[in-house]
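Notes for the structure review
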Amino acid sequence: MTGRTEKMTGARAIIECLHREGVDTIFGYPGGQVLPIYDALYDSKIRHVLVRHEQSAAHAADGYARATGKVGVCLATSGPGATNLVTGIATAYMDSIPIVALTGQVPLSMIGNDAFQEANITGITMPITKHNYLIQDANDIPRIMKEAFHIASTGRPGPVLIDIPKDMTTEMIDFHYPETVKLRSYNPTYEGNIQQIKKAAEEIKRSSKPVIYAGGGVISANASGLLQAFAEKVQAPVTTTLTGMGTFPVGHPLFLGMLGMHGTKYANYAIQESDLIIAVGARFDDRVTGKIKSFATNAKIIHIDVDPAEISKNVHVDIPIVGNAKRVLEDLLKYVDKAPTDDWLEKIAHWKRSYPLYYVGGKENIKPQYIIEQIHDACKDAIIVTEVGQHQMWAAQYFRFSEPRTFISSGGLGTMGFGFPAAIGAKIAKPDRVVFDISGDGSFQMSSQELATVVQENIPVIIAIFNNGYLGMVRQWQELFFDKRYSYTCIRDSVDFVKLAEAYGALGLRVKQPSEVRPAIEQAIASGRPTLIDFWIECEENVSPMVPAGAAINEILDLERKA
Amino acid sequence: MKHTLAVLVENRYGVLSRVAGLFARRGYNIDSLAVGITEDPTISRMTIVVRGDDLVLEQVTKQLNKLIDVIRVTDLGTEDTVERELVLIKVNADVKNRSEIMQIADIFRAKIIDVASKSMVIEITGDENKIKAIEQLLKPFGIKEMVRTGKIALRRGPKSI
Ligand SMILES: Cc1cc2nc3c(=O)[nH]c(=O)nc-3n(C[C@H](O)[C@H](O)[C@H](O)COP(=O)(O)OP(=O)(O)OC[C@H]3O[C@@H](n4cnc5c(N)ncnc54)[C@H](O)[C@@H]3O)c2cc1C
Ligand SMILES: Cc1ncc(C[n+]2csc(CCOP(=O)(O)OP(=O)(O)O)c2C)c(N)n1
Ligand SMILES: [Mg+2]
């Protein structure tokens, strides 16, 4: 059909564009200004998942994108529908996740009049989108849709919003879908500069204490396999960021686990003593670097990133390589050899033995780390989605990830309420995988209305609430730095979560004993139904180890009592 | 340190707001910003004078380049350029001092573009120093109002940015 034009309404054109982009599912919520789009959806092949709050539509699109690498799509009406997307868009923006958000808008002629349900959503989302559009001519719909998907998914990925005035959706246009995108002002660099790559290879050959620091960019570049090949060839240890978890198999002898504030001691020690840091698709976030002046002071830094603006933003970089992680690693692999790292690896093995992640107890009370271990044991290839808080950190520390795109978590914005809707997106994208939302009693209450969505649509995600009766992560800081003054962080007895699940028609299970943990997990997996497990965990358990705010990352404290 | 950036952008709805918003949210200080259409009607050119050290300038340039509507960013600070700014100054003037003010204007090759019984409007173009100098000289008469376009700049010679 390409090449030929066909007459249709703007609304139908939008749906047709989604088809052409290979979109099979969108997440949304209707309203007045998107009525024509919903009408066009009614008899289209695209699956529409009706969420119960627009924020969840954006998070679900985000979860879908993280689980697949494809662009996630959400749809909301003008005004409050559009503003409800904002947190979800910002979450995707901070973690560089490709989504396209479609919003209804009042008719073009009424824009600027404070019309009913008018909000300047392009203005509002300017700082949290990679780009956004206001459609001002219905004939532009195909071009703008094409550009939006292109921009969202290429270079450094990110959210793109298209604001669509109602009259644009009812106008008739000659539909012609462009095959290519022409944007003179947007040309991401993919190929790394070969001179820089050779220079990096020389440094790597000489390094006796290299560390590979890999982030979310490796996952978005689908370069996990290459990263492993690279690490093995050089014989360099690998640490990953929170958003990079899954890109390197946890059991691998070269793996150091996560670094940073709640990383492993040995990852942080290795970074601090390293003579060469090879950063790949990671952005030197403050949760990772700790006190920036004391970060890896002995190391030269090689930084591979697709976004030139990330180079030397927080930390001075000696050898920048701007490009796609996959292409650069492919090239780099040709020039590197084993580095003289035997002593270094031995030292690291010693650190690993001396300072492992650990927890004690768990005979009477349920230890949260134990639940994570049991979930892994029961289902090694589960997709783990998280909310934000202590439970998120335990998931990152204790689940033994073996593949990319199996750990889905809001890192940059740290959005409570992200996990459940993102798990919905992930489960729809990967129906054959078991999907867990590792949740907190606080976070869950920010998106609990989506129980209606999973029941109505029969999306069997498993919500594991780590119920400690607290906004635990904040309580932990109050315990450590505010003299245990638990100001407004106790949320004990909020609700009977099991009854809540049942009220929506989901399966609800409660677990109060360590011995019940495993059977409940098995039951949830076997049920094939949306299931909520309310785990009553040890209330004042802390995330350990921890780098206090403002400290160097080797000044990392044990908060777990000794065995 | 001040830097002069020439920024070519798509001549499109909302571009100014994207650029201004970027400066605001990343905490960069703009001294002046002049914008207008170029010889190609689909392209506008912004001349932005920004304050900051080399690291700030590097980030500003990279962040500007990330905006989808920005086509090219050039730092004119390192180039041999001609720079101009147009300023209109309304100054108190009456019969007693009118000729004195006209002499000053003359020296600076400024133009008198409006004369009233108690005021005059002077038009002057030039670089920063020249404008500062005339402003100093006119101050004693009482400057009632002053408006400036912001600096614009072009590279010398046949090469364009
Ligand atoms: C409560 C809490 C605690 C946290 N504690 C920690 C912690 O202890 N340790 C930790 O690591 N994080 C922690 N985080 C997460 C942290 O805030 C950051 O989100 C995270 O460190 C960023 O990871 P990243 O550097 O991999 O960057 P991402 O945000 O994943 O960014 C990816 C980078 O890769 C680049 N990129 C994208 N695509 C490509 C490509 N194709 N090729 C090359 N480059 C590409 C991007 O330009 C970007 O620079 C915590 C978050 C929360 C909410
Ligand atoms: C939307 C939002 N509001 C506030 C915060 C600050 N915050 C970070 S963790 C946390 C507590 C989370 O509590 P819970 O979900 O019960 O998890 P726990 O830490 O107890 O495991 C809060 C309030 C946040 N990250 N997101
Ligand atoms: Mg809690």
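Keep in mind that this is a model prediction, so the values were computed, not measured.

**Focus: the site of ligand 2**
Residues and elements named next belong to chain A. In the neighbourhood of ligand 2, 17 residues make up the surrounding shell, with Q390, G414, D441, S443 and G472 lying closest. Take H391: an N or O atom from its side chain is 2.8 Å from an oxygen atom of ligand 2. Interatomic distance of 2.9 Å between a side-chain N/O atom of N468 and an oxygen atom of ligand 2. Protein burial of ligand 2: of its 580 Å² of free accessible surface, 77% is covered by the chains. Of all the secondary-structure elements, those providing two or more residues to the shell around ligand 2 are helix 17 (390–398), helix 19 (441–444) and helix 21 (472–481). For the shell around ligand 2, the class distribution of residues is seven nonpolar, nine polar and one charged.

**A short note on the domain arrangement of chain B**
All names here are of chain B. Here chain B is partitioned into domain 1 (2–78) and domain 2 (82–154). Just the C-alpha atoms count here: the centres of domain 1 and domain 2 sit 29 Å apart. Roughly 590 Å² is buried in total at the junction of domain 1 and domain 2, and carbon and sulfur atoms are behind 52% of that figure. Put simply, domain 1 and domain 2 have three residue pairs in polar contact (both at pLDDT 80 or more) between them. Of the residues in the side of domain 1 that touches domain 2, the class split is four nonpolar, three polar and two charged.

**Quick word on the sheet that holds strand 1 (residues 2–10) of chain B**
Residues and elements named next belong to chain B. In space, the four strands of this open sheet follow the order 2-3-1-4, with antiparallel pairing throughout. Taken across any chain shown, the strands that pair with only one partner, and hence form the sheet edges, are strand 2 (29–37) and strand 4 (70–75). Here the strands of the sheet are splayed against their neighbours by 20 degrees on average, with no regard to which way each runs. Here strand 2 runs beside strand 3 (residues 43–51); their pairing, made up of eight bridges, is antiparallel. Within the sheet, the bridge partner assigned to V35 lies in strand 3 and is M46.

**Observations concerning the coordination of the magnesium ion (ligand 3)**
Residue and element names in this part refer to chain A. The protein atoms that coordinate the magnesium ion (ligand 3) are D441 (OD), N468 (OD1) and Y470 (O), at distances of 2.0 to 2.1 Å. The sequence pattern describing where the donors of the magnesium ion (ligand 3) fall on their chain is D-x26-N-x1-Y. Of this pair, D441 sits in helix 19 while Y470 is found in the loop between strand 18 (462–467) and helix 21, placing the two residues 29 residues apart along the sequence. Judged by its relative accessible area of 2%, D441 is buried.

**Let's talk about the pairing of strand 4 (residues 72–76) of chain A**
Residue and element names in this part refer to chain A. Most of strand 4 is tucked away: five of the five residues are buried. Direction of pairing for strand 2 (residues 25–28) relative to strand 4: parallel, over a ladder of two bridges. Counterpart to G28 in the pairing with strand 4 is L75. In this sheet, strand 5 (residues 99–105) lies alongside strand 4 in parallel orientation, the contact comprising five bridges. Note that in strand 5 the partner of V73 across the bridge is V100.

**Some words on the site of ligand 1**
Residues and elements named next belong to chain A. Taken together, 37 residues lie near ligand 1, and S220, T241, T243, R283 and D305 sit nearest. Here a nitrogen atom of ligand 1 and a side-chain polar atom of S220 are 2.7 Å apart. Protein coverage of the free-state accessible area of ligand 1, which is 990 Å², stands at 96%. Looking at the shell around ligand 1, the elements that each hand over two or more residues are helix 10 (216–220), helix 13 (286–289) and helix 17.

**Structural notes on the pattern of salt bridges**
Applying the stated criterion across every chain, the model contains 49 salt bridges over all chains. Here K347 of chain A ties to E273 of chain A by a salt bridge, and the two come within 2.7 Å at their closest N and O atoms. On the criterion of sequence distance, the pair formed by K347 of chain A in helix 15 (residues 342–354) and E273 of chain A in helix 12 (residues 265–273) is long-range, its members being 74 residues apart. We classify K347 of chain A as partly exposed; its relative accessible area is 34%. Where R518 of chain A meets D377 of chain A, a salt bridge forms, and the shortest distance between an N and an O atom there is 3.2 Å. With R518 of chain A in helix 23 (residues 514–527) and D377 of chain A in helix 16 (residues 368–378), this pair connects stretches of sequence that are 141 residues apart. Residue classification places D377 of chain A among the partly exposed positions, given a relative accessible area of 42%. One salt-bridge network, in which partners are shared between bridges, spans R156, D307, E310 and K313 of chain A together with K66 of chain B.

**Examining the packing of aromatic side chains**
Residues and elements named next belong to chain A. For the coordinates displayed, the defined rule picks out 17 aromatic pairs over all chains. Centre to centre, the rings of F420 and F444 are 5.5 Å apart; their planes meet at 35 degrees, and the pair counts as tilted. Of this pair, F420 sits in helix 18 (residues 419–429) while F444 is found in helix 19, placing the two residues 24 residues apart along the sequence. By the burial criterion, F420 is buried, and F444 matches it. Taken together, Y269, W344, W351 and Y355 form an aromatic cluster joined through their ring pairs.

**A closer look at a nonpolar patch on the surface**
A surface patch of nonpolar side chains, amounting to about 290 Å² of accessible area, comprises L86, L88, I113 and V147 of chain B. Mapped onto the fold, L88 of chain B is located in strand 5 (residues 81–92).

**Let's talk about the interface of chain A and chain B**
Interface size is commonly expressed as the accessible surface area that is lost when the partners come together. On the side of chain B, 19 residues touch chain A, which itself brings 19 residues to the contact. At the boundary of chain A with chain B, total buried surface from both sides reaches about 1,700 Å², with 49% on carbon and sulfur atoms. On the chain A side of the interface with chain B, the three residues burying the most area are M126, R184 and S185 of chain A, jointly 36% of the side's total. At the surface where chain A touches chain B, the tally comes to two salt bridges. Here E10 of chain B ties to R184 of chain A by a salt bridge, and the two come within 2.7 Å at their closest N and O atoms. Counting across the interface, chain A meets chain B through eight residue pairs in polar contact (both at pLDDT 80 or more). Looking at the side of chain A that touches chain B element by element, the count peaks at three residues for strand 6 (residues 131–134) of chain A. In terms of residue class, the side of chain A that touches chain B is made up of nine nonpolar, five polar and five charged.

Calculation rules
- Residues numbered from 1 in each chain as written.
- Chains lettered and ligands numbered in written order.
- Predicted model: local features only at pLDDT ≥ 70, side-chain atom pairs only at ≥ 80, totals over all residues.
- Heavy atoms only, no water.
- Near = heavy atom within 4 Å.
- Polar contact = N/O pair within 3.5 Å; in protein donor to acceptor, adjacent residues only side chain to side chain.
- Areas by Shrake-Rupley, 256 points an atom, 1.4 Å probe, with all protein chains shown as cover.
- Helix = DSSP H or I, 4+ residues; strand = E, 2+ residues; numbered from the N terminus.
- Nonpolar A, V, L, I, M, F, W, Y, C, P; charged D, E, K, R; others polar.
- Domains from an automatic or database assignment.
- Buried area = accessible area lost by both parts, 1.4 Å probe.
- Pairing = 2+ DSSP bridges.
- Axes fitted to C-alpha atoms, helices over the stretch in contact; angles between N-to-C directions.
- Donors = N, O, S within 2.8 Å, 3.2 Å for Na, K, Ca; no water.
- Buried < 20%, exposed > 50% of the residue type's maximum accessible area, 1.4 Å probe, protein only.
- Salt bridge = Lys/Arg side-chain N within 4 Å of Asp/Glu carboxyl O.
- Phe/Tyr/Trp six-rings, centres within 6.5 Å; stacked < 30°, edge-to-face > 60°.
- Patch = residues over 30% accessible without salt bridge, like charges linked within 9 Å, V, L, I, M, F, W, Y side chains within 5 Å.
- Contact = heavy atoms within 4.5 Å.

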